[in-house]
Amino acid sequence: MLRNYLLVATRNLRNQGWYAFLNVFGLSIGIASCLMIALYVFDELRYDTFHTHADHLYRITHHEKISNSEIETPLTVPALAPASSESIAGVKSTVRVYPGGRKVMQIGDETLAQTGFMYVDDSFLQVFSYEVLAGDPATALQKPNSLVLTEKVAKKYFGSREALGKFVQLSDSTSCKVTAVVANPPPYTHLPFDVLASYSSLPPSSDNNWERLELYTYFLLEEGVKAASVEEDLQTLQDRYISTQVAEYSTYEAFQQAGNEYYLSLQPITQIHLYSDLFAEFNPGGDVKTLYVLIAVAAFLLLIACVNFMNLATARYMRRAREVGVRKALGSTRVALIVQFLNESLLMSLFAAVLGVIWALLFLPAFNSLTGKEITYAVFTEGWLIGGLILLMLVVGMLAGSYPAFFLSGFRPTEVLKGGWFVRKGSIVLRNLLVVFQFSVSIGLIICTVVAYQQIAYTQSKDLGFDKEQVMALSYFDLLGDQGTTIKEAIAQQAMVVETSVVSDVIPQTYQMTMFWQRGSDQEYLMNWYTSDYDHLETMGIELLEGRNFSREYGTDTAGVLLNETAVRTLEIENPIGAEISYEDTEIGTYEVLGVVKDFHFRSLHHDIEPMAIFLSETGPNILVRLAPGNVSNALEQVDLVWQQYAPDVPFDYTFLDEEFDRAFRAEQRLSRVFTVFSVLTIIVASLGLLGLGAYSAQQRTKEIGVRKTMGASTGNLILLLSKDFTKLVLLAFGIATPIVYFLMQSWLKQFAFRIEVGMLPFVLAGLGAMLLAWVTVGWLAYRATQANLANVLRLE
């Protein structure tokens, strides 16, 4: 019996030709899209789950609210980890991670720039499950000046030679020994690194630091220990080593009653990537809301593909109606017919699933480039994916084939064998609802795509308060020593160089933060700060609103400061020029406000402009070089020649400010591109559905068209007649999609401190696009119907 069903199903699909192709093609697009999104979601959800102790691993976060200044960050004080290990029950192990940033490393006569350098406690390789290829993970990081290299870095430095036991010299002339080599960290970790150095290499005085937030702390808890109980013990521990801010109050209770907060909490390591967006995150993370959106898009695409199957199947029911009538007349039961049609549907679903996997394999590299992922072909061999595909194929086959099966098997032999057919009113309503659903999703995705592009274009074109174009940032300037001034002057003399400036931080890096106050006031405020030389405002194009800039004519400017407008408002300074401010750990009692600069965006547009103080220093790790418009390659060559002339042993490592700033919006850009791709796919699949329903309508009204043509109706009138109903459906879909998408996009835009207003353009484009698509598709089908031979159409009448 099963063999007979399969033979009949195969023969029917072969005979259906174009219809079968449309069904398989539409379903394959839906399945491939669903598969690609599933891979993306899976990759996002598996962040940090590869650690053996992932369920018991936590990162400590610091929350502080003092004097109306609030900060929540994963940075903690260095003394927290050793004190917690000794005092808190249930903490099995602690790990401190101190980001070392960029380092210059020398191997023999070769000097190389190295990123991803971190100082970590000796328990790092035992707490985190990074694969150790050579060396002992228990002892590799115990001794000072020990290094652990990743496999790619070991090959970069030593090639095919054995790295273990070799020595590497850092820029400060420290000689470090390679004690282990680990496999390259997987891309799905929030804590990527290239080189690990033993934490004991740092000055030991940091272990007593309970004031400065400098590093990241991780706890591995014992089995069965609750995070909430550890958080309570953390608060007790912190109260014992109370901060200076809290110490100003008589008791911690008095500190809290003044509206202040100061506490630590435990954050599960597996939730960092998707649920954490704190100040000074180690790396930009993902967003769980994005996953929800993509899952919804995948579900809608798959549903639309299934709807297409239903519409294309019922659109051809006239050709199958006689078959059903004959089968029933010969004694076939409705159940047998349902099984037959479901077999055809499942077989078509199988073909579509295979084709969908082929699409996914072919476009995986492009998808990785689109999303910034590193998904490999090996994932297609994993059990969860194979099982999911089989389940998806069965669900899609049953879902897509159920309505046509029950619809076609319900025909009455007496109706179909005499040339007529029976159409249920409910089936017409259902098909119309399905088309409305298709176009609602298509219109919604088009609107989302346009709004996302508008927001990204706004962020790229908005006045940032400085000029980020043609500015390059060179690293390792602090390693030049006494030659720094000479090199800066030599670079400034190049023909393609407009201005130069030495700074401690480069936009949009995370700046240093501390508590500031105005002299004579007890009110403290949390503010950002960095250092620059005399030429900074000119180099960056930052506008000076009042007062003056740092000047070489005044030797006292080392005790001066520049504030932005927000800082003046925050500190509540009525007459800023000449006012005096102080901050924690200052080496000078007070700093005089020399000038006020216009607010500028030193962080991404996700954040409001925050208070900023700029102090004077002619030394720093970075030098900014503004280039003249023209050939950038020539300008880079000029600067590189100067650098190699004076500092051949220091790597020439640079980046451009516009690239760094745009990188802050890379997630939004990728999301916008993903929306665009899947919007196009949705429109393609929806067009196939419209093609199916249009074909159904044309077939149903073939004789009506013949009669109207006989009575003198023109082709244009007939096309308008057939298109009218679909126009109403598209308008209804537009009315449904518009308010829903408007609400969703308003919610999405709230993550940006500076954002566009959702205007009419996205809705107009989406509505007109959907209407045009409907008119073209249905108009073409209607035109074909009007060109049919009238004698053949009216023969049965």
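Please refer to the structure placed before this passage.
Rules and cut-offs
- Residues numbered from 1 in each chain as written.
- Predicted model: local features only at pLDDT ≥ 70, side-chain atom pairs only at ≥ 80, totals over all residues.
- Heavy atoms only, no water.
- Helix = DSSP H or I, 4+ residues; strand = E, 2+ residues; numbered from the N terminus.
- Contact = heavy atoms within 4.5 Å.
- Areas by Shrake-Rupley, 256 points an atom, 1.4 Å probe, with all protein chains shown as cover.
- Buried < 20%, exposed > 50% of the residue type's maximum accessible area, 1.4 Å probe, protein only.
- Arc of directions from axis to C-beta.
- Core = buried A, V, L, I, M, F, W, Y, C linked by side-chain atoms within 4.5 Å.
- Axes fitted to C-alpha atoms, helices over the stretch in contact; angles between N-to-C directions.
- Parallel < 35°, antiparallel > 145°, perpendicular 65-115°, else oblique.
- Left-handed = near helix turned anticlockwise from the far one by under 90°.
- Nonpolar A, V, L, I, M, F, W, Y, C, P; charged D, E, K, R; others polar.
- Pairing = 2+ DSSP bridges.
- Polar contact = N/O pair within 3.5 Å; in protein donor to acceptor, adjacent residues only side chain to side chain.
- Salt bridge = Lys/Arg side-chain N within 4 Å of Asp/Glu carboxyl O.
- Phe/Tyr/Trp six-rings, centres within 6.5 Å; stacked < 30°, edge-to-face > 60°.

1. Quick notes on the overall build of the protein chain
Across its full length, the protein chain carries 25 helices and 23 strands. Counting contacts in the protein chain only where the partners sit at least 6 residues apart, residues at least 24 apart contribute 81% of the total. In the structure as shown, the protein chain presents an accessible area of about 36000 Å², 56% of it carried by carbon and sulfur atoms.

2. Describing helix α16 (residues 484–492)
Residues of α16 that are buried: Gly484, Ile487, Lys488, Ala490 and Ile491. Buried residues along α16 cover an arc of 165° about the axis, so they all sit on one side. In this fold, the buried residues of α16 make contact with β13 (471–474), β14 (497–503), β22 (622–627) and α19 (632–646).

3. Things to note about the nonpolar core
In this structure, Leu39 and Phe380 are the most contacted members of the largest nonpolar core, which totals 74 residues. Contributing elements (two or more residues each) for this core: α2 (18–45), α10 (288–315), α12 (334–371), α13 (383–408), α15 (425–461), α21 (666–700), α23 (715–749) and α24 (761–786). Of all the elements, α15 adds the most residues to this core, at 12 residues. Contacts of phenylalanine 380, omitting those with residues within four sequence positions, involve Leu35, Leu39, Val357, Ala360, Leu361, Leu364, Leu385 and Ile386. Counting residues in hydrophobic clusters, the runner-up holds 32 residues, among them Leu57, Leu75, Tyr262 and Leu526.

4. Quick look at the packing of α16 against α19
Across the interface, α16 lies against α19 with an axial gap of 9 Å and an inter-helix angle of 155°. As judged from the angle between their axes, α16 and α19 are roughly antiparallel. For α16 against α19, the interelement crossing comes out right-handed. Where α16 abuts α19, its residues Thr486, Ile487, Ala490 and Ile491 lie against Val639, Val642, Trp643 and Tyr646. Each residue belonging to the contact of α16 with α19 can be placed in one class, and the counts come to seven nonpolar, one polar and no charged.

5. Some remarks on the pairing of β14
Among the seven residues in β14, five count as buried, and that is most of the element. In terms of strand pairing, β14 meets β22 through six bridges, oriented antiparallel. Residue pairing across strands places valine 503 opposite asparagine 622, the latter belonging to β22.

6. Some remarks on the side chain of aspartate 533
With respect to the helices and strands, aspartate 533 occurs in the loop between β16 (525–532) and α17 (536–540). Using a relative accessible area of 3% as the deciding quantity, one classes aspartate 533 as buried. A polar contact is formed between the side chain of aspartate 533 and the backbone nitrogen of aspartate 535, at a distance of 3.2 Å.

7. Some details on the pairing of strand β18 (residues 560–564)
Counting buried positions along β18 yields five of five residues, so the element is predominantly enclosed. Here β18 shows no split at all, with Gly560, Leu562 and Asn564 on one side and Val561 and Leu563 on the other all buried. Of the strand pairs in this sheet, β18 and strand β20 (residues 591–597) are connected by five bridges, and their pairing is parallel. Following the sheet pairing, leucine 562 is matched in β20 by glycine 595. Where β18 meets strand β21 (residues 612–616), three bridges bridge the pair, whose relative direction is antiparallel. Along β21, the bridge assignment pairs leucine 562 with isoleucine 614.

8. Overview of the environment of leucine 370
Following the sequence through the fold, leucine 370 ends up in helix α12. Taking the relative accessible area as the measure of exposure, leucine 370 reaches 16% and is therefore buried. Spatially, the C-alpha atom of leucine 370 lies 6.9 Å from that of arginine 673, the residues being 303 residues apart in sequence. In this structure leucine 370 touches Arg670, Arg673, Val674 and Val677, once residues within four positions along its chain are discounted.

9. Overview of the pattern of salt bridges
Considering all chains together, one arrives at 18 salt bridges under this definition. Residue lysine 488 pairs with aspartate 533 through a salt bridge whose shortest N-O separation is 3.6 Å. One end of the pair, lysine 488, is in helix α16; the other, aspartate 533, is in the loop between β16 and α17, and 45 residues separate them in sequence. In this structure lysine 488 comes out as buried when scored by relative accessible area, which is 14%. For arginine 548, the salt bridge goes to aspartate 557, with nearest N and O atoms at 2.8 Å. A relative accessible area of 25% places arginine 548 in the partly exposed class.

10. So, the packing of aromatic side chains
The geometry of an aromatic ring pair is captured by the separation of the ring centres together with the interplanar angle, meaning the angle of the planes. As enumerated under the stated definition, the model contains 28 aromatic pairs in all. With a centroid separation of 5.9 Å and 80° between ring planes, the pair formed by tryptophan 529 and phenylalanine 615 is classed as edge-to-face. On the criterion of sequence distance, the pair formed by tryptophan 529 in strand β16 and phenylalanine 615 in strand β21 is long-range, its members being 86 residues apart. For the pair shown, tryptophan 529 and phenylalanine 615 are each scored as buried. Between phenylalanine 652 and tyrosine 654 the ring centres are 5.5 Å apart and the planes differ by 45°, which places this aromatic pair in the tilted class. Since its relative accessible area comes to 18%, phenylalanine 652 is described here as buried. Each member of the aromatic cluster is reached from another via a ring pair, and the members are Phe50, Phe124, Phe128, Tyr130, Tyr188, Phe193 and Tyr218.

11. Regarding helix α5 (residues 151–158)
Along α5, the residues that are buried comprise Val153, Ala154, Tyr157 and Phe158. One face of α5 carries all of its buried residues, which in axial projection span an arc of 105°. Looking at the buried residues of α5, the elements they touch are β4 (91–107), β5 (110–120), β7 (146–150), β8 (167–170), β9 (175–182) and β10 (195–198). Looking one or two places after α5, you find glycine 159, whose phi comes out positive at around 65°.

12. Here's the deal with the side chain of serine 617
By secondary structure assignment, the location of serine 617 is in the loop between β21 and β22. Serine 617 gets classed as buried once you look at its relative accessible area, which sits at 19%. Not counting the four nearest positions on each side in its chain, serine 617 is found in contact with Val502, Thr531, Ser532 and Asp533.

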